[in-house]
Amino acid sequence: MNWLLLGFLVITWGTSFMVTSIAIESGFSALTITLARIALGAIVISLFVYSKGLRLPLNAKSWGSFMLLGLFGNALPFTLITWGQNSVTSATTGVLMSVMPFVTMLIAHYVVPGETFNRYKLLGFVIAFSCVTLLLNPFASGSIDLIGALAILAAASSYAINTILIRLLPRFNPLVGGAGMTICACILILPFVLYHGASIYQELTSLATPSSVIALLWLGVMPAGVASIVYFVVVNRAGPSFLSNCNFLIPVVAYFAGTLILDDSVPPSSLFALIGILAGIVLTRIQRR
């Protein structure tokens with residue numbers, strides 16, 4: 001059962017980059033896609049939390065933590081990924097996002113007790129970022145847009161910071177934390193939504209087609225909502241080490257969903273970079289005796 005749930009997460013999150021590309025091709029802006037994703041995700045998770053009889057805390061300290069998690073876990077990375085995918089294919093996005101465990105490892109080395117580098121982690125880190133450098137090489141055949149790629153790498157770094165924050169901030173029931181995080185992410189993007197409200201309304205009314213509406217609903221309800229709930233279930237059932245298998249599988253699904261379904265045009269180096277980064281992840285999981 002745990003493997004089935006893990007497979008659901010891998011497919012849902014791995015194909016989210018492909019669905020984001022579909023929403024972008026429909027003409028929706030990064031802000032509109034981010035708004036739909038966060039707002040729908042917050043509704044799904046909050047309804048589930050209250051259906052379980054759980055309640056959100058009312059103290060300022062908890063909501064300050066939720067605000068940080070909402071910034072680095074939702075609002076910032078969702079916006080950066082969507083904006084970056086205006087010039088970077090979904091397949092390449094999946095490859096670039098696979099560096100997140102390495103950024104997490106680098107930050108944890110300095111701020112989390114007991115998470116120091118060993119030689120295997122260092123070697124994996126060097127291999128992974130050598131592959132990213134290869135992918136970003138402006139002189140390579142079929143090179144990708146540098147600014148868009150840097151935005152996606154910044155999104156991966158934001159997720160890494162969020163992972164560290166979860167370990168350092170006060171602990172909450174995971175479902176309650178997820179609801180508070182997405183609600184605060186909505187609050188954080190609200191000023192931008194109010195400022196661009198007219199253009200968002202125009203996009204939703206003029207660009208709405210069956211495929212574009214399904215794309216927005218999918219991104220909000222499934223990857224940001226249902227998959228987040230399943231994530232917490234898997235953590236409680238099988239533990240975080242089992243869930244870390246996602247780091248291997250999500251980039252692979254994203255790459256092949258983009259190349260096979262959307263027929264993404266990717267540089268020849270992207271597949272080599274993906275293999276190298278996954279090899280780096282394997283190295284980082286070797287434990288020194």
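Residues numbered from 1 in each chain as written. Predicted model: local features only at pLDDT ≥ 70, side-chain atom pairs only at ≥ 80, totals over all residues. Heavy atoms only, no water.

Draft legend 1. Just the UniProt feature "domain: EamA" (unreviewed entry) in the protein chain, in detail. In the numbering used here, UniProt assigns the "domain: EamA" (unreviewed entry) feature to residues 3–135 and 147–284. The distance separating the terminal C-alpha atoms of residues 3–135 is 32 Å; by composition the span is 80% helix and 0% strand. (UniProt positions renumbered as here; feature names shortened; annotations may be inferred. Helix = DSSP H or I, 4+ residues; strand = E, 2+ residues; numbered from the N terminus.)

Draft legend 2. Looking closely at the nonpolar core. Residues Leu96, Met97 and Ile277 are the most contacted members of the largest nonpolar core, which totals 54 residues. Of all the elements, helix 8 (residues 146–168) adds the most residues to this core, at eight residues. Apart from residues lying up to four places away in sequence, leucine 96 is in contact with Val88, Leu135, Leu136, Ile144, Ala149, Ile152, Leu153 and Ala156. Core analysis: the second largest hydrophobic core is formed by 11 residues, Met18, Ala36, Leu216 and Ala257 among them. (Core = buried A, V, L, I, M, F, W, Y, C linked by side-chain atoms within 4.5 Å. Buried < 20%, exposed > 50% of the residue type's maximum accessible area, 1.4 Å probe, protein only. Contact = heavy atoms within 4.5 Å.)

Draft legend 3. Looking closely at the packing of helix 6 (residues 100–111) against helix 7 (residues 119–136). Where helix 6 meets helix 7, the axes come as close as 10 Å, and the angle between the chain directions of the two elements is 135 degrees. By the angle between their axes, helix 6 is oblique relative to helix 7. Between helix 6 and helix 7 lies a crossing of left-handed hand. Here Phe102, Val103, Met105 and Leu106 of helix 6 come into contact with helix 7, specifically with Lys121, Gly124, Phe125, Ala128 and Phe129. The residue makeup of the contact of helix 6 with helix 7, split by class, is seven nonpolar, one polar and one charged. (Axes fitted to C-alpha atoms, helices over the stretch in contact; angles between N-to-C directions. Parallel < 35°, antiparallel > 145°, perpendicular 65-115°, else oblique. Left-handed = near helix turned anticlockwise from the far one by under 90°. Nonpolar A, V, L, I, M, F, W, Y, C, P; charged D, E, K, R; others polar.)

Draft legend 4. Quick peek at the state of the cysteines. The tally for this structure, following the rule as stated, stands at zero disulfides. With no disulfide of its own, cysteine 186 lies closest to cysteine 184 among cysteine sulfurs, the gap being 9.2 Å. Assessed through its relative accessible area of 23%, cysteine 186 is described here as partly exposed. (Disulfide = S-S within 2.5 Å.)

Draft legend 5. Looking closely at helix 4 (residues 60–84). Its 25 residues place the ends of helix 4 34 Å apart at the C-alpha level, agreeing with the 36 Å of an ideal helix rising 1.5 Å per residue. By the largest-angle criterion, leucine 71 marks the main kink of helix 4, which is about 40 degrees. (Expected span 1.5 Å × (residues − 1). Bend = angle between axes of the 7 residues up to and from the residue.)

Draft legend 6. Local environment of the packing of aromatic side chains. With the rule as written, the count across this model stands at seven aromatic pairs. The aromatic ring of phenylalanine 78 is capped on one face by arginine 37, whose charged end is 4.1 Å from the ring centroid. (Phe/Tyr/Trp six-rings, centres within 6.5 Å; stacked < 30°, edge-to-face > 60°. Lys NZ or Arg CZ within 6 Å of the ring centre and 35° of its normal.)

Draft legend 7. Spotlight on the side chain of threonine 12. With respect to the element layout, threonine 12 can be found in helix 1 (residues 2–14). Ignoring anything within four residues of it in the chain, the contact list for threonine 12 reads Trp218, Met222, Pro223 and Ala227.

Draft legend 8. Spatial organisation of the packing of helix 5 (residues 90–97) against helix 8. Two elements in contact, helix 5 and helix 8, have axes whose closest approach is 9 Å; the angle formed by their N-to-C orientations is 40 degrees. Looking at the two axes, helix 5 sits oblique to helix 8. The hand of the helix 5/helix 8 crossing is right-handed. The residues of helix 8 that touch helix 5, namely those facing Thr93, Leu96 and Met97, are Ala149, Ile152, Leu153, Ala155, Ala156 and Tyr159. Here the contact of helix 5 with helix 8 is composed, by residue class, of eight nonpolar, one polar and no charged.

Draft legend 9. Spotlight on the side chain of serine 228. With respect to the secondary-structure elements, serine 228 resides in helix 11 (residues 210–238). Exposure remark for serine 228: the relative accessible area of 16% places this residue in the buried category. Residue contacts for serine 228: discarding those within four places in its chain leaves Trp13, Ile45 and Pro223.

Draft legend 10. Looking closely at the environment of leucine 5. Within the fold, leucine 5 resides in helix 1. Residue classification places leucine 5 among the buried residues on the basis of a relative accessible area of 16%. Placed 102 residues apart in sequence, leucine 5 and isoleucine 107 show a C-alpha to C-alpha distance of 29 Å. Contact partners of leucine 5, with chain neighbours within four places excluded, come to Val230, Val233, Val234 and Arg237.

Draft legend 11. Inspection of a nonpolar patch on the surface at higher detail. Together, Phe256, Leu260, Ile261, Leu271 and Ile275 make up an exposed nonpolar region whose accessible area comes to about 510 Å². Elements that contribute at least two residues to the nonpolar patch include exactly helix 13 (246–261) and helix 14 (269–284). At three residues, helix 13 tops the list of elements feeding residues into the nonpolar patch. Among the structural elements, phenylalanine 256 can be located in helix 13. The class of phenylalanine 256 is partly exposed, set by a relative accessible area of 38%. (Patch = residues over 30% accessible without salt bridge, like charges linked within 9 Å, V, L, I, M, F, W, Y side chains within 5 Å. Areas by Shrake-Rupley, 256 points an atom, 1.4 Å probe, with all protein chains shown as cover. Salt bridge = Lys/Arg side-chain N within 4 Å of Asp/Glu carboxyl O.)

Draft legend 12. Fine view of the environment of alanine 257. Inspection of the secondary structure assignment puts alanine 257 in helix 13. Measuring from C-alpha to C-alpha, the distance between alanine 257 and methionine 18 comes to 6.7 Å, with 239 residues separating the pair along the chain. With residues near it in sequence (within four places) discarded, alanine 257 still touches Thr15, Met18 and Leu262.

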